[in-house]
Amino acid sequence: MKTKEPTRPITIFTPSFADEDNTNAQNLTVKEIVARLSPEQFRVVMISEGKPDPRIAVRKNTRLLPYYKHGNAAQLLIRSLAFRPDVYFYPRFGLLDQAVFALRRNLRLRTAVVTHVVSVMTNSAEESLVARSIVEGDAVFANSAHVAETVHQRFGVRAGTIYNGIDRRFFFPGNDPASTQNSRQLTVLYAGSFRPWKRVELVIELAVRWPNAQFRLAGRGETEDCCRTLCRKFNCRNVSFLGHLPLVELGEEMRRAHVFLFPSIVEGHPQVLGQAAACGLPAIAMNAYHPEYVLHGETGFLAESDAELARHLDVLLGDSAVRRSMASAAVRHSQTFDWDRVAEQWAGVFQEVVAQRQKD
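Not measured: the values here are computed from a predicted model.

Novice: Could you give an account of the side chain of aspartate 19, naming the residues involved and the relevant values?
Specialist: Within the secondary structure, aspartate 19 sits in the loop between strand 1 (10–17) and helix 1 (25–36). Buried within the structure, aspartate 19 lacks any salt-bridge partner; lysine 31 is the closest side chain of opposite charge, at an N-O distance of 7.3 Å. Dropping the residues within four chain positions of it, aspartate 19 is found in contact with Lys31, Ile47, Ser48, Glu49, Gly50, Lys51, Pro52 and Asp53.

Below you can see the structure in the form of structure tokens.
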């Protein structure tokens, strides 16, 4: 009687960084997934430039490829192919990704491509490598229902939806969340990059309307100098620039704040809104990209205009009872976004695409 041969682990290569201090949203997502995948079922190959996330560093059946200053696309391609990956996860739209797609088409590379779309699809996306990763992907998923809808509208591809979870190591409610307190000075927090579509200038304009509240801005970027100039113009003494914060410090800031203000108008499904909810921090965001981390009128507000954004801020800063109610509801809602459950979903996707490739 023949004994059944043991199943070979599925090998996944992802062009994502395992570095502990890399807080890029896509890299954060991949690290959380990889940290939870069974090493008996999945061998993972990633990139590392510095000190890796400790969970990934000790994960069995994991290989970290060093990142060099020059020639990375060719070196990473050669070294990753040596592992004969079954899955290429999370294409990044660079030279390495172009090479993988070319090998699949021209040399019949049998590696399955699993695409995760994290941005709303616009007209410009149709001419970029993101279009190729969607059209040629073996499995395509979006990080929100709205992003999935835009994928279908632009490309005719029905993407599934797998949400990102929330890292409970850093984002959790305090014993007495600031958002529920009346005694402390009111604090409004913004966290994100300083880019034109993030509209951090609007946060400063609202700080002018609320001189007795503190406005704290976490992040860096190209519009930071403009924002600092605006503060000097309006003589804003209630605005603090915090720079880029490690996740542990961002969580602390969220637990000290009363309101999270996020006026960005171009997003996919920003994890920072889920992080705020997990800390018991009511959020105000724009409804342009339909973020599901915020339940309008329950855990915060979704504004249709800048005037609405300002009115919602007035409500939350002026009514402690509303803040308390929304803080509790936000924590409850955040439990929906669980990384363990998310990782199980991705594991199922990887197993399904590999099984399908073997049939083809």
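Novice: Now, about the packing of aromatic side chains: what can you tell me, with residues and values included?
Specialist: All chains considered together, the criterion is met by 15 aromatic pairs. Between the aromatic rings of phenylalanine 141 and tryptophan 346, the centroid separation amounts to 5.5 Å while the plane-to-plane angle is 70°, which identifies the pairing as edge-to-face. With a gap of 205 residues between them, phenylalanine 141 in strand 6 (residues 139–142) and tryptophan 346 in helix 13 (residues 339–359) connect regions that are remote in the sequence. Ring geometry for tryptophan 346 versus phenylalanine 350: centroids 6.1 Å apart, planes at 25°, classification stacked. On the criterion of helical spacing, the pair formed by tryptophan 346 and phenylalanine 350 is a turn pair, its members being four residues apart in helix 13. Of the two residues, tryptophan 346 and phenylalanine 350, both sit in the buried class. Of note, arginine 228 hangs over the ring of phenylalanine 241, and the distance from its end group to the ring centre comes to 4.3 Å. Positioned above the aromatic ring of phenylalanine 172, the side-chain terminus of arginine 255 is 3.9 Å from the ring centre.

Novice: How would you sum up the pairing of strand 8 (residues 187–191)? Please name residues and give values.
Specialist: Strand residues, when the strand is regular, have side chains that alternate between the two faces of the sheet. Across the five residues that make up strand 8, a large majority, five, are buried. Of the two faces of strand 8, the one lined by Thr187, Leu189 and Ala191 and the one lined by Val188 and Tyr190 are each fully buried. Here strand 8 runs beside strand 9 (residues 214–218); their pairing, made up of five bridges, is parallel. If you follow valine 188 over to strand 9, its bridge partner there is phenylalanine 215. What joins strand 8 to strand 9 is helix 7 (residues 200–209), and the crossover it makes is right-handed.

Novice: With reference to specific residues and values, describe the side chain of arginine 104.
Specialist: Looking at where arginine 104 falls in the secondary structure, it is placed in helix 4 (residues 95–106). Side chain to side chain, arginine 104 and aspartate 138 meet in a polar contact 2.9 Å long.

Novice: With reference to specific residues and values, describe the nonpolar core.
Specialist: The biggest cluster of nonpolar side chains holds 57 residues, and the ones touching the most others in it are Phe171, Phe215, Met254, Phe260, Leu273 and Leu313. With six residues, helix 7 is the largest single contributor of residues to this core. Contact partners of leucine 313, with chain neighbours within four places excluded, come to Val188, Leu206, Trp210, Phe215, Val259, Leu261 and Ile284. In this structure, Val87, Tyr90, Ala112 and Val349 belong to the second largest nonpolar core, which totals 28 residues.

Novice: A description of the sheet that holds strand 9 should follow, citing residues and the corresponding values.
Specialist: As summarised here, the arrangement of the six strands in space is 10-9-8-11-12-13, forming an open sheet in which the pairing is parallel. In this open sheet, the two edge strands, each paired with only one partner strand, are strand 10 (239–243) and strand 13 (300–303). Each strand of the sheet is rotated relative to its neighbour by a mean of 20°, with strand direction disregarded. As judged from the three bridges shared by strand 11 (residues 259–262) and strand 12 (residues 283–286), these two strands associate in the parallel manner. In the strand pairing of strand 12, leucine 261 is matched with isoleucine 284. Helix 10 (residues 271–278) contacts strand 8, strand 11 and strand 12 of the sheet and is inclined by roughly 170° relative to strand 11.

Novice: Would you mind going over the packing of helix 11 (residues 306–318) against helix 12 (residues 320–334) in detail, with residue names and values included?
Specialist: Packing of helix 11 against helix 12 leaves a shortest axis separation of 5 Å and a crossing angle of 95°. By the angle between their axes, helix 11 is roughly perpendicular relative to helix 12. Two secondary-structure elements touch here, helix 11 through Val315, Leu316, Leu317 and Gly318 and helix 12 through Ser320, Val322, Arg323 and Met326. Here the contact of helix 11 with helix 12 is composed, by residue class, of five nonpolar, two polar and one charged.

Conventions adopted
Residue numbering note: each chain is counted from 1, following its sequence as written. The predicted nature of this model means local features are confined to residues of pLDDT at least 70 and side-chain atom pairs, given and counted, to a pLDDT of 80 or more, with totals for whole chains, interfaces and linings taken over all residues. Based on all heavy atoms of the structure, the side-chain values leave hydrogens and waters out of the count. Note on conventions: DSSP H or I runs of at least 4 residues are helices, E runs of at least 2 residues are strands, and numbering of each starts at the N terminus. To sort residues, take the accessible area from a 1.4 Å probe on protein chains only and compare it with the maximum for the residue type: under 20% means buried, over 50% means exposed, and anything in between is partly exposed. His is not counted here, nor are the chain ends, while Lys and Arg score as positive and Asp and Glu score as negative. Each salt bridge in this description consists of a side-chain nitrogen of Lys or Arg and a carboxyl oxygen of Asp or Glu lying within 4 Å of one another. Should any heavy atoms of two residues lie within 4.5 Å, those residues are counted as being in contact. Pairing of aromatic rings covers Phe, Tyr and Trp, the last through its six-membered ring, and needs centres within 6.5 Å; plane angles under 30 degrees mean stacked, over 60 mean edge-to-face, and all others mean tilted. Working rule: Lys NZ or Arg CZ, within 6 Å of ring centre, within 35 degrees of ring normal, means a charge sits over the ring. In short, DSSP must find at least two bridges between two strands for them to pair. Orient the strands so they point away from the viewer; a crossover is then right-handed if the path from the first strand over the helix to the second runs clockwise. Whenever a nitrogen or oxygen atom comes within 3.5 Å of another N or O atom, the pair is scored as a polar contact, on the condition that within protein one atom can donate a hydrogen and the other can accept it, and that pairs from neighbouring residues in sequence are kept only if both atoms are in side chains. What is meant by a nonpolar core is a set of buried Ala, Val, Leu, Ile, Met, Phe, Trp, Tyr and Cys residues, joined one to another through side-chain atoms within 4.5 Å. Only C-alpha atoms enter the line fits that serve as axes; for helices the fit covers just the stretch in contact. Angles between N-to-C directions range over 0 to 180 degrees. Here the word oblique covers every angle except those under 35 degrees (roughly parallel), over 145 (roughly antiparallel) and from 65 to 115 (roughly perpendicular). Each residue gets one of three labels, nonpolar for Ala, Val, Leu, Ile, Met, Phe, Trp, Tyr, Cys and Pro, charged for Asp, Glu, Lys and Arg, and polar for the others, Gly among them.

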